[in-house]
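Spelled out, the chains give:
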Amino acid sequence: MNMGERGISDIETLQDSCMAFYILFRDDDEMKLPYFTAIAGLGCVLFAIAVPHLSSLRAWLAASTFFSLVYITITFVLSLKDGINAPPRGYGIPESKPSRAFAIIGATGSLVFAFNTGMVPEIQATLRAPVVDNMLKALYLQFTLGSVPVFAVTFVGYWAYGSSSSSYLLNNVSGPVWVKALANFAAFLQSIISLHANICKSNI
């Protein structure tokens, strides 16, 4: 189940980053969602062909962390700038009961997605003794220090844009085109590596 959730979330991020990158340069209706889905799938296939086994998992995790930090830093800074300069905004929850129900389901899914990523550092930590101690250290690090950037982007984004904030925060931010393009490109690459790493993890 976790593998399926992670896969769907990574594919959605790939689609969102492709679409946001395209809109930066051509804000028209010529490209539809299926085209971005196809681009995301093609990127995953090409990466899987080029790197079929992720034999050097530590290097790829480092690359994934780097791309994550690029995305988080740019999103956090641009959201903070927008929030400081923004007019008053609303923080209310959706009015209708169906909207509230879907919002709760979506938020729950986001939490599960954000906090089910401890398996990869746990597996890495068990490669040397003492296994249990190393595994616990990896998980403690994941769910303490690793949670800081997740909550930082979440709270700053909600503060800056209120209840109108997008699930893909780069759709809300304003700033230099090249900076937002870099953040979208980093999100695209990170999601490809993350998806591939989790597929490899599921085969361990």
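Residues numbered from 1 in each chain as written. Predicted model: local features only at pLDDT ≥ 70, side-chain atom pairs only at ≥ 80, totals over all residues. Heavy atoms only, no water.

Enquirer: Help me understand the overall build of the chain, please; the structure alone is not making it clear to me.
Expert: Within the chain, the secondary structure is distributed over eight helices and zero strands. When its helices and strands are written in sequence order, the chain yields α-α-α-α-α-α-α-α. In the chain, buried positions account for 33% of the 204 residues. Taking contacts inside the chain between residues at least 6 apart in sequence as the whole, the part at least 24 apart equals 74%. When the accessible surface of the chain is split by element, carbon and sulfur atoms take 71% of a total near 12300 Å². (Helix = DSSP H or I, 4+ residues; strand = E, 2+ residues; numbered from the N terminus. Buried < 20%, exposed > 50% of the residue type's maximum accessible area, 1.4 Å probe, protein only. Contact = heavy atoms within 4.5 Å. Areas by Shrake-Rupley, 256 points an atom, 1.4 Å probe, with all protein chains shown as cover.)

Enquirer: Just to check I follow, could you spell out the side chain of Asp82 for this structure?
Expert: The residue Asp82 is located in helix H3 (residues 57-85) in this model. Here the side chain of Asp82 touches Lys81 through a polar contact of 3.4 Å, side chain to side chain. Those residues within four positions of Asp82 in sequence are excluded, and the remaining contacts are Tyr161, Asn172, Val173 and Ser174. (Polar contact = N/O pair within 3.5 Å; in protein donor to acceptor, adjacent residues only side chain to side chain.)

Enquirer: Just to check I follow, could you spell out the environment of Gly175 for this structure?
Expert: Inspection of the secondary structure assignment puts Gly175 in the loop between helix H7 (147-161) and helix H8 (177-202). Taking the relative accessible area as the measure of exposure, Gly175 reaches 30% and is therefore partly exposed. As for Gly175 and Asp82, which are separated by 93 residues in sequence, their C-alpha atoms are 8.8 Å apart. Those residues in contact with Gly175, other than ones at most four positions away along the chain, are Leu78 and Lys180.

Enquirer: What am I meant to see in helix H2 (residues 33-50) here?
Expert: For an α-helix, 3.6 residues make a turn, and residues three or four places apart therefore share a direction. Spanning 18 residues, H2 covers 26 Å between terminal C-alpha atoms, matching the ideal 26 Å at 1.5 Å per step. When we look at burial in H2, the residues that qualify are Phe36, Ala40, Gly43, Cys44 and Phe47. All buried residues of H2 fall inside an arc of 95° around its axis, so they share one side. Seen from the buried face of H2, the exposed residues on the opposite side, beyond 90 degrees, are Pro34, Leu42, Leu46 and Ile49. (Expected span 1.5 Å × (residues − 1). Arc of directions from axis to C-beta.)

Enquirer: Whenever I open this one, the nonpolar core confuses me. Can you help?
Expert: Nonpolar side chains in soluble globular proteins tend to be buried together. Ranked by size, the top nonpolar core spans 29 residues in total, and within it Leu14, Tyr71, Ile74, Tyr168, Leu170 and Ile192 carry the most contacts. Looking at this core, the elements that each hand over two or more residues are helix H1 (2-25), H2, H3, H7 and H8. Considering each element in turn, this core owes the most residues, eight residues, to H8. The contact partners of Tyr168, leaving out residues within four places of it in the chain, are Thr13, Asp16, Ser17, Ala20, Tyr71, Asn184 and Ala187. (Core = buried A, V, L, I, M, F, W, Y, C linked by side-chain atoms within 4.5 Å.)

Enquirer: I'm lost on H7 in this one. Help?
Expert: Compared with the 21 Å implied by 1.5 Å per residue over 15 residues, the 21 Å span of H7 between its first and last C-alpha is a close match. For H7, the set of buried residues is Ser147, Val153, Val156, Gly157, Ala160 and Tyr161. Downstream of H7 by one or two residues, Gly162 has phi in the positive range, about 70°.

Enquirer: Please clarify how a nonpolar patch on the surface should be interpreted in this entry.
Expert: On the surface, Leu80, Ile84, Tyr91, Tyr158 and Trp159 cluster together into a nonpolar patch covering about 470 Å² of accessible area. Looking at the secondary structure, you find Leu80 in helix H3. Looking at Leu80, the relative accessible area reads 33%, which means it is partly exposed. (Patch = residues over 30% accessible without salt bridge, like charges linked within 9 Å, V, L, I, M, F, W, Y side chains within 5 Å. Salt bridge = Lys/Arg side-chain N within 4 Å of Asp/Glu carboxyl O.)

Enquirer: Can you walk me through the packing of aromatic side chains in this structure?
Expert: The description of two aromatic rings rests on the distance between their centres and on the angle between their planes. As enumerated under the stated definition, the model contains five aromatic pairs in all. Ring centres of Phe21 and Phe25 lie 5.3 Å apart, and the angle between their planes is 55°; this geometry places the pair in the tilted category. A residue pair is termed a helical-turn pair when its members lie 3 or 4 positions apart in one helix, as Phe21 and Phe25 do in helix H1 at four residues. With a relative accessible area of 34%, Phe21 lands in the partly exposed category. The exposure class assigned to Phe25 is exposed, which follows from its relative accessible area of 52%. Across from the ring centre of Trp159, 5.3 Å away, lies the NZ or CZ of Arg89, which sits over that ring. (Phe/Tyr/Trp six-rings, centres within 6.5 Å; stacked < 30°, edge-to-face > 60°. Lys NZ or Arg CZ within 6 Å of the ring centre and 35° of its normal.)

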